[in-house]
Amino acid sequence: GENVEQHPSTLSVQEGDSAVIKCTYSDSASNYFPWYKQELGKRPQLIIDIRSNVGEKKDQRIAVTLNKTAKHFSLHITETQPEDSAVYFCAAVNNDMRFGAGTRLTVKP
Amino acid sequence: EAEVAQSPRYKITEKSQAVAFWCDPISGHATLYWYRQILGQGPELLVQFQDESVVDDSQLPKDRFSAERLKGVDSTLKIQPAELGDSAMYLCASSQGPPLSGANVLTFGAGSRLTVL
């Protein structure tokens, strides 16, 4: 089955800086790559996703890039704010949806 | 906004007891997933349903866990007997279509937090 690795496990940035989280996947047949944000005690919420026919997608301060050849994709958050502090999970979808281990992002005011 | 309903939100039980979780997906969502999330880790897939059929239960510990979705709508996940290591958040999620379709965006429920003493 699909194996998703996510780095780093923790990330601390200063408010206003950028944050980048990277994921790799193993199954070249995976074709959909969502990112979820999970605040403490709450359910994961979809923040952005990308399909395999696209290399980059942007939504305001959030962007995702996909390199199918290298089988990796990244989440980019610009102009970080304290409310961006949460755990972020990437996922890769083939016959099912497998998640990375998560990145705890802390944005210091 | 449509939501995935789960109950109970919290469950405390003693080891060797039976426990059951219920999930009602968004109306019209044919694909339903159960995930287990241990604190500090990513969601781990337990079972995936397409309508009433199990598509993938390869990571479900079948000696103690069972899942069903008899009418292809709501679903129940059961653990019997519960063990200390089962303490986790059990998340249900649903999507309109199967994973490889264009309707595979996943919506999560609030989860059922299990504590086994």
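Structure: see above.
Note that residues are indexed from 1 along each chain, following the sequence as it is written. As a convention, the first chain written is A and the first ligand written is 1, with the rest following in written order. Since the coordinates come from a predicted model, pLDDT governs what is reported: local features require at least 70, and pairs of side-chain atoms require 80 or more to be given and counted, while whole-chain, interface and lining totals use all residues. Calculation of side-chain values draws on the structure's entire complement of heavy atoms; hydrogens and water are dropped beforehand.

(A) Spatial organisation of the state of the cysteines. Two cysteine sulfurs form what is called a disulfide whenever their separation falls within 2.5 Å. Taken as a whole and assessed by the stated rule, the structure comprises 2 disulfides over all chains. Across the disulfide from A:C23 sits A:C90; the S-S distance is 1.9 Å. On the sign convention where negative means left-handed, the S-S torsion of about -100° between A:C23 and A:C90 marks this disulfide as left-handed. Taken together, the residues A:C23 in strand β3 (residues 19-25) and A:C90 in strand β9 (residues 86-93) connect sequence positions 67 residues apart. Covalently, B:C23 is tied to B:C92 through a disulfide, its sulfur atoms 1.9 Å apart. Across the S-S bond linking B:C23 and B:C92, the dihedral sits near -70°, which makes this disulfide left-handed. In this pair, B:C23 sits in strand β3 (residues 19-24) while B:C92 sits in strand β9 (residues 88-95), placing the two residues 69 residues apart along the sequence. Just as B:C23 is buried, B:C92 falls in that class too. Put simply, DSSP marks the helices as runs of H or I at least four residues long and the strands as runs of E at least two long, and each gets a number from the N terminus on. Summary of the burial criterion: residues with accessible area below 20% of their type's maximum are buried, those above 50% are exposed, and those between are partly exposed, where the area comes from a 1.4 Å probe applied to protein chains only.

(B) How the structure looks around the pattern of salt bridges. Residue and element names in this part refer to chain A. Salt bridge, as used here: a side-chain nitrogen of Lys or Arg that lies within 4 Å of a carboxyl oxygen of Asp or Glu. By the definition in use, this model includes 10 salt bridges over all chains. Close ionic contact of D84 with R61 constitutes a salt bridge, the shortest N to O distance being 2.9 Å. One end of the pair, D84, is in the loop between β8 (72-77) and β9; the other, R61, is in the loop between β6 (56-59) and β7 (62-67), with 23 residues separating them in the sequence. Classification of D84 by relative accessible area gives buried; the value is 6%.

(C) Expanded view of the sheet that holds strand β8 (residues 75-79) of chain B. Residues and elements named next belong to chain B. A pair of strands is labelled paired if DSSP reports no fewer than 2 bridges between them. Pairing is antiparallel across the open sheet formed by 4 strands, whose spatial order is β1-β3-β8-β7. At either end of the open sheet lies a strand with only one pairing partner, and these are β1 (5-7) and β7 (65-68). Going across the sheet, the axis of each strand differs from the next one's by a mean of 15°, ignoring polarity. As judged from the 5 bridges shared by β3 and β8, these two strands associate in the antiparallel manner. Residue pairing across strands places V19 opposite I79, the latter belonging to β8. With axes taken as lines fitted to C-alpha atoms, and helix axes fitted only over the stretch in contact, angles between N-to-C directions fall between 0 and 180 degrees.

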